[in-house]
Amino acid sequence: MKSRELKLRLQQYWYVCAVLLALLLVRLAVVQFVQNEKYETASKSNRIRLVSIPAPRGEIRSRDGLVLAKNRLVFSVSLAYAEAGLDSTVVERLAAILGTQYPQITADYIRGLVEQQRYRLYEPVTIVRDVDWPMVVRLEEQRRQLPGVTVAVEPLRYYPEGTLAGHLLGYVRAIDAEELAAADRERYDIDDVVGKDGVEKTYESELKGNDGARRVEVDVRGRPVRELVTLQAEPGNNLELTIDSRLQRVLEKSIEETLAYDQQKYNRKAKVAAAVLLDVKSGAVLAMASYPAFNPNDFIGFMDSATEAYYYPQGSYDPLNPGAATNRVLRALYPPGSTFKPITALAALESGEATAEEKVTCRGSYWVKPYIKCTAAHGSVNLARAMAVSCNTYFQEMGRRAGHQGLIAMADQLGLGKPTGIDLPGEKAGLLPTPEWKRETNAVLVDRKYDRLRQELEDKYARLLAEAKDEAARAKVEKEERSARARLEAEYRIDYRFNTTWQAFDTFNMSIGQGNNSYTVLQLASYVAALANGGQRMQPFVVRRVLTPSGQLVRENHPRLLQRLEVDAANLEAVRQAMLQVTQPGGTGYALFAGFPAQVRVAAKTGTAQTGRKGDVRNKEFHGVFVAFAPFDDPQVAFAGVVEYGQHGSTSAGLIARDVLEQYFNIKDHLAPAEAPREPTGGANPAVPASPPVANGTGEQE
Amino acid sequence: MDAKRVLRAIDKPFVAALLMILALGLLVLASANRAMASDSLFYVKRQLVAIAIGAVCAVALMRSDYSRLSRYSRYVYVATLVLLLAVLLFGREVRGTQGWIGLGSRGVQPAELAKVMVVVAFAEFLSSRQGQLNTLRELLPCFLYVGVPFALIMLQPDLGTAMVMVAVMFGMMFVAGASPRVLLGVMAAGAGIIALALFLHYSFGTWLPLQDYQLMRLSVFLDPYNDGQGGRGAGWNTIQSLVAIGSGGFWGKGVFHGTQVQLNFLPELHTDFIYAVVGEELGFLGAAGLLVLYWILLSRALQVAFLSKDLYGTLCVVGVATIWLFHVVENVGMSLGVMPVTGIPLPFVSYGGSAMLANLLGAGLVLSVNIKGNRSLF
């Protein structure tokens, strides 16, 4: 081969080398310059993970500093590095160990949890929270056989006082899909908990805080290598309630004892009670309790079926298992019974048709149809006496004079039949009957009834017409039908007018708190507080202050005036005086407060309400209602309470009022360690007989 | 011949480029090593031992007269076949390829050495047929000559190394004066057969020497995210390599600071994908610089080939250069996502004793031709 040709061939070969290497160089430049940004991003998303740091939820304390809701550090078991794939032997082993204590945890259960979190597997998958120490020890002992399993400490909501103020506090639970969709996505994530009821719900945005985040660099197996940036979590704000923990405790203790007493004495159905104590000047709730009791801790983690049945009973309503989930202070409606009578009195005085001193003679029943009976023949009574003995005749007469418009306007001014706007969720409005309400409700009922009757009539004559033998018989049937139709329509018109129009007896029923009236216990307390403080209806509230974790004031709930009563001061004073007579000798509430010192005089009103429930014996089974305020001369607190199947106001809710007022005014310390066995009497004064507190059993049913 | 004359005759740019490539290789290997092992110099130490052994052999080869090798070419060829047979019979399988002989981790890969040995033998085979390489009939023995070791390597199976054999064969034959038209015809025919075989395989399921997953691995570089696992399967290597190089930018992230490397996102980072370490940590500066060094190495080798006193020397050098060229193009191309992923190391840079030894022997051969065959010195 000639040297020239060799040179040529080597040159060509060299060109090939040059072109190939040049192509690589071009490709390198494209990747490193043109696509640099794209790969830079890819490199970051490869290795940088955002891990959220949960913000501790704010604490809730009572007015006197007792912690009612806080965060407890618990051990939780989780599976890390699931991103790199699940080791099935580890899963089986973990399921076997945890399964000894938590039967629901199986290997498939764990796999299901991992699957649920499949887009966030760089964060550990929590398998179970709040495991006990022996379990932690068992897991740690087997650490080598359980790669990826971690036991970490994390905050969990905890209510150290259990049922104390449970309904009021509410509870937290994992956010559901609906709430998440409505929530601020900057603050809420799929694994967050959220307040579901009570203060936890109303003040959710204060308590929540802001989750922090860590930017973590991870390696190819998802293991954290280094922390890049950390955004600290901002803990939620703390709440200071208006609740006094000691009063609250006494209230709950008294409810429990009273129910036990009433169950034994009157009715084993006495299982439900609700009561509230308000500061009359501000509207602040000093104590609020509903029974059966509510323990927010029951709502953390798994709820067993027995607990679930306690809170949410299935099937039709059973008074022996009424369900504990409802805060009955503001979600149950009760007829006020005689506790409505101060309103009737005030309306009558305001109408100018009556004076406090004017006497009405009671002969055992009212003299106007339908002659509603009184509990006794009270004779000639003025306002003070009528209130003290709860005379139905007197108050029906007062109701008649005030007129239904006067009664309704007064009840409306005092906030009955509309929500108070308290800072708790789920408050009911109640029902203050009005002529409009009666027409709307009953028109439907009457129409429905007569539509049915018309149909029956038509069917009947169609059948008779078919059975008629000849023309004459048919004509007779047709004639009968025409007259029957005319009769029915006439009846309908009468019935319709009667049932959809406000009748005199509606006014009478209302004036003694019966009929369709139904209100919440909170509304009763609020109206009594307005009478007590001279005519200012304040909005009830349960949270006094919102504080930062370091204790600085964020905001304060100031007392808020809802309505100033437009009544004559003298009239108001006359009604208040009359309520004072209830606790004086001869009054229906005398025995309860007989032991109170002279400077703490109590104004009150007892009440008895028809239960209106199917299965109850009418005129035999009653709810006991009681309202009160004290001290009479300079009122500080107002009370309202209902004890279902408590029979009399004074022997049920009245006992609760007495206990909590004794505690409030330091007359008796119900929390003293060496408490004598409960006697249903005022313990402070040995002069009070140790017998049921209402000595003469002054009934007040109509 | 005394050291002074050697020093004067030796191709200094070639040696300088070689030493710089070795140095750069050790640097990035140290970085890869840190990401992989607790002993932060484990691979570096072993690589240094391989370089030392290779250097001694290379110097010995350089100082000997390469033309004497031509006399033993037949024995070299037989020895190659024996070596390749032995690895098939007694070898150990590593990652699906039966390519290792020896104990423990201290084995050797005969196929690496076989490349250089085939060059030495084939050069003699071709130079003895000088001027008789014009027709297909005259070329056929050459194809058969390389075909045997090629087949043995395919049986391991080691597709990458086998393809090196093919490239070496064509490169040497072209320089030896074979008819370009016939060579192109054979290449086209080969490509046609492969295309037909693939077509038949996918259409009718006919037999292929490769399993489907192997085919998938070869073709996935075209669309690495479409590997059936969203880029976490066969496409992972290509993706992570591209991310490493692409995120390196102009200056790179700095030695020991490549996140793809240090956090182990990059697979096979000390062997097959070491170029991605260069690209990420040393940036365009380092990666392009390395290509330039290879360019100098190859250019100077071709200059040596041109100056060789005989065709045998020329062909030996061309053969060695072709091995390097093919390795660089395939390895760098694979790291840049333009070549299929095959286990072909980057010469003088990838970790691996056998490859290092073979490449240094190749360098020794080039220098031997450079010194002993330089016509200007005689």
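Provided above is the structure to which this section pertains.
Residues numbered from 1 in each chain as written. Chains lettered and ligands numbered in written order. Predicted model: local features only at pLDDT ≥ 70, side-chain atom pairs only at ≥ 80, totals over all residues. Heavy atoms only, no water.

S.K.: Residue-level account of the packing of helix H1 (residues 3-34) of chain A against helix H13 (residues 311-335) of chain B, with values.
M.R.: Where H1(A) meets H13(B), the axes come as close as 10 Å, and the angle between the chain directions of the two elements is 15°. The orientation of H1(A) relative to H13(B) falls into the category roughly parallel. The interaxial crossing formed by H1(A) with H13(B) has left-handed handedness. Contacts from Leu6(A), Leu10(A), Tyr13(A), Cys17(A), Leu20(A), Leu21(A) and Leu24(A) of H1(A) reach H13(B) at Leu311(B), Thr314(B), Val318(B), Ala321(B), Thr322(B), Leu325(B), Val328(B), Val329(B), Val332(B) and Gly333(B). Considering only residue class, the contact of H1(A) with H13(B) consists of 14 nonpolar, three polar and no charged. (Axes fitted to C-alpha atoms, helices over the stretch in contact; angles between N-to-C directions. Helix = DSSP H or I, 4+ residues; strand = E, 2+ residues; numbered from the N terminus. Parallel < 35°, antiparallel > 145°, perpendicular 65-115°, else oblique. Left-handed = near helix turned anticlockwise from the far one by under 90°. Contact = heavy atoms within 4.5 Å. Nonpolar A, V, L, I, M, F, W, Y, C, P; charged D, E, K, R; others polar.)

S.K.: Could you give an account of the interface of chain B and chain A, naming the residues involved and the relevant values?
M.R.: Listed as interface residues are 52 residues of chain B and, on the opposing side, 33 residues of chain A. By the criterion of area lost to chain A, the three top residues of chain B are Leu263(B), Trp295(B) and Phe306(B), representing 16% of everything that side buries. There are zero salt bridges connecting chain B and chain A. Scanning the region where chain B abuts chain A turns up 14 residue pairs in polar contact (both at pLDDT 80 or more). Elements with a contribution of two residues or more to the side of chain B that touches chain A: helix H7 (159-175), helix H10 (236-248), helix H11 (259-262), helix H12 (274-307) and H13 of chain B. Here the element with the most residues in the side of chain B that touches chain A is H12(B); it accounts for 14 residues. Class assignment for the residues of the side of chain B that touches chain A results in 33 nonpolar, 18 polar and one charged. (Buried area = accessible area lost by both parts, 1.4 Å probe. Salt bridge = Lys/Arg side-chain N within 4 Å of Asp/Glu carboxyl O. Polar contact = N/O pair within 3.5 Å; in protein donor to acceptor, adjacent residues only side chain to side chain.)

S.K.: Can you tell me about the packing of aromatic side chains, naming the residues and giving the values?
M.R.: This model, assessed by the stated rule, comprises 34 aromatic pairs over all chains. An angle of 70° between the planes, with centres 5.1 Å apart, marks the rings of Tyr450(A) and Tyr492(A) as edge-to-face. Of this pair, Tyr450(A) sits in helix H16 (residues 435-467) while Tyr492(A) sits in helix H17 (residues 471-500), and the two are 42 residues apart along the sequence. With respect to class, Tyr450(A) is no different from Tyr492(A); both count as buried. Geometrically, the ring pair formed by Tyr664(A) and Phe665(A) is edge-to-face, given 4.8 Å between the ring centres and 80° between the ring planes. Judged by relative accessible area, Phe665(A) falls into the buried class, the value being 16%. Taken together through their ring pairs, the aromatic side chains of Tyr171(A), Phe294(A), Phe299(A), Tyr310(A), Tyr311(A) and Tyr312(A) make up a single cluster. Here the basic side chain of Arg454(A) rests over the ring of Tyr492(A), its NZ or CZ set 4.7 Å away from the ring centre. It is Arg129(B) that lies over the ring of Phe125(B); its NZ or CZ is 3.9 Å from the centre. (Phe/Tyr/Trp six-rings, centres within 6.5 Å; stacked < 30°, edge-to-face > 60°. Buried < 20%, exposed > 50% of the residue type's maximum accessible area, 1.4 Å probe, protein only. Lys NZ or Arg CZ within 6 Å of the ring centre and 35° of its normal.)

S.K.: Tell me about the pattern of salt bridges, and please be specific about residues and values.
M.R.: Residues and elements named next belong to chain A. Enumeration according to the criterion identifies 42 salt bridges over all chains in this entry. In this structure, glutamate 358 and arginine 401 form a salt bridge, with 2.4 Å as the shortest nitrogen-oxygen distance. Within this pair, whereas glutamate 358 is found in the loop between helix H13 (341-351) and strand E13 (360-362), its partner arginine 401 is found in helix H15 (residues 392-413), the two being separated by 43 residues in sequence. When salt bridges with common partners are traced through the structure, they connect Arg57, Arg157, Glu200 and Glu204 into a single cluster.

Scope: geometric values only; no functional claims are made or implied.
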